[in-house]
Amino acid sequence: ISQISKVLKNDIITSGEIGEKVEKQIARFFNARYCLLTNSWTNGAIATLLALQIKEGDEIIVPAMTFVATANIVELVGAKPVFVDVNPDTLLIDEGEILRKITKKTKAIIPVHLYGAMLNIKKLKETLKKNKKKVTIIEDAAHCFEGKYNGDKVGKYSDISIFSFYATKNITCAEGGAIITNNKLLFENIKQTRTHGINKNFIKRFYQKKYSHWD
């Protein structure tokens, strides 16, 4: 409550210094180079797909068993969700089936760490490389902020990972989300797609108490 009060008394209640401090905390926790807070997992995922220039006609592989948002975000940017069945032993996306569903139109895979149970992303990445498949791996880690697989945290092997801070999650802001990545270009692109293309967020426009217009 005291921390929330501090935010509300601040001159800038969003996209400000407190938010940037939290982004750095999350990046350190995952040993990631970059982190961006979002107002939800959904909008973080949409910003990611836009930053990757996913468009109509592109295909994104998603598991057949997941919360509907994983597929919804693909349709919201005009692409096609391609469903892959889950492994009956793990209830996570079947890595073997993924290879059979990859086509020339496939741009990304969104494996889901369901209820905190993690898919072996290292193995998935190695399998894709072995079969010469250049596909972006986007981890749906909405349920998996504190998960580990063989000691490895979320984000170590994927291109990007997205978290949810919705009311039902381990760590919550009631609403909210976060993105982590080690890809600088992707990070810079998401910073703009997150804010409809604006190149300076609120705090950057009032740096050193002087207004600087945005593009």
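Residues numbered from 1 in each chain as written. Predicted model: local features only at pLDDT ≥ 70, side-chain atom pairs only at ≥ 80, totals over all residues. Heavy atoms only, no water.

> I keep staring at the side chain of serine 164 and nothing clicks. Help me out?
Note that serine 164 resides in strand β8 (residues 160–164). For serine 164, the contacting residues outside a window of four places in its chain are Trp41, Ala142, Lys169, Ile171, Gly176 and Gly177. (Helix = DSSP H or I, 4+ residues; strand = E, 2+ residues; numbered from the N terminus. Contact = heavy atoms within 4.5 Å.)

> Help me understand helix α3 (residues 41–51) in this model?
One full turn of an α-helix is made of 3.6 residues, so residues set three or four places apart face in the same direction. Among the eleven residues in α3, eight count as buried, and that is most of the element. Within α3, the full set of buried residues consists of Trp41, Gly44, Ala45, Ile46, Ala47, Thr48, Leu49 and Ala51. As for α3, its buried residues are in contact with β1 (34–38), α4 (69–76), β5 (136–140), β8, β9 (177–181) and α7 (184–193). (Buried < 20%, exposed > 50% of the residue type's maximum accessible area, 1.4 Å probe, protein only.)

> What exactly am I supposed to notice about unusual backbone geometry here?
Among all residues save glycine, negative phi is the norm, and among peptide bonds the norm is trans. Phi at asparagine 150 takes a positive value of approximately 50°, unusual for a residue other than glycine. In this structure, alanine 174 is a non-glycine residue whose phi angle is positive, near 75°. Along the chain, the position of alanine 174 falls in the loop between β8 and β9.

> It is not clear to me how the layout of surface pockets should be interpreted in this structure. Could you clarify?
Any empty space left between the atoms is revealed when a probe the size of a water molecule rolls over them. Empty space within the second largest pocket amounts to approximately 360 Å³. Along the wall of the second largest pocket there are 19 residues; nearest its centre are Phe67, Ala69, Ala142, Ser164 and Lys169. Sorting the residues of the lining of the second largest pocket by element identifies α3 and α4 as the ones contributing at least two each. Classifying every residue of the lining of the second largest pocket gives eight nonpolar, eight polar and three charged. (1 Å grid on protein atoms, 1.4 Å probe; cavity = no way out; pocket = protein on both sides within 12 Å on 5 of 7 lines; lining within 4 Å. Points joined across faces, edges and corners; volume = space filled by probe spheres on them. Nonpolar A, V, L, I, M, F, W, Y, C, P; charged D, E, K, R; others polar.)

> Sorry if this is basic, but what is going on with the nonpolar core here?
Side chains that are nonpolar tend, in soluble globular proteins, to be buried together. Among the nonpolar cores identified, the biggest contains 26 residues, and Trp41, Ile60, Ile73, Val74, Ile110, Ile138 and Ile190 are the most heavily contacted of them. Where this core is concerned, the elements lending two or more residues are β1, α3, β2 (59–63), α4, β8 and α7. A per-element tally of this core places α3 first, with six residues. When near neighbours in sequence (up to four residues on either side) are disregarded, valine 74 contacts Leu49, Ile60, Val62, Ala79, Lys80, Pro81 and Ile110. Listed in part, the 17 residues of the second largest apolar core include Val84, Ile98, Leu114 and Ile137. (Core = buried A, V, L, I, M, F, W, Y, C linked by side-chain atoms within 4.5 Å.)

> How do you make sense of the side chain of aspartate 152 when you look at a structure like this?
Within the secondary structure layout, aspartate 152 lies in strand β7 (residues 152–153). A polar side-chain atom of aspartate 152 sits 3.0 Å from a polar atom in the side chain of tyrosine 157. With sequence-adjacent residues up to four places away left out, aspartate 152 is seen in contact with Met118, Gly147 and Tyr157. (Polar contact = N/O pair within 3.5 Å; in protein donor to acceptor, adjacent residues only side chain to side chain.)

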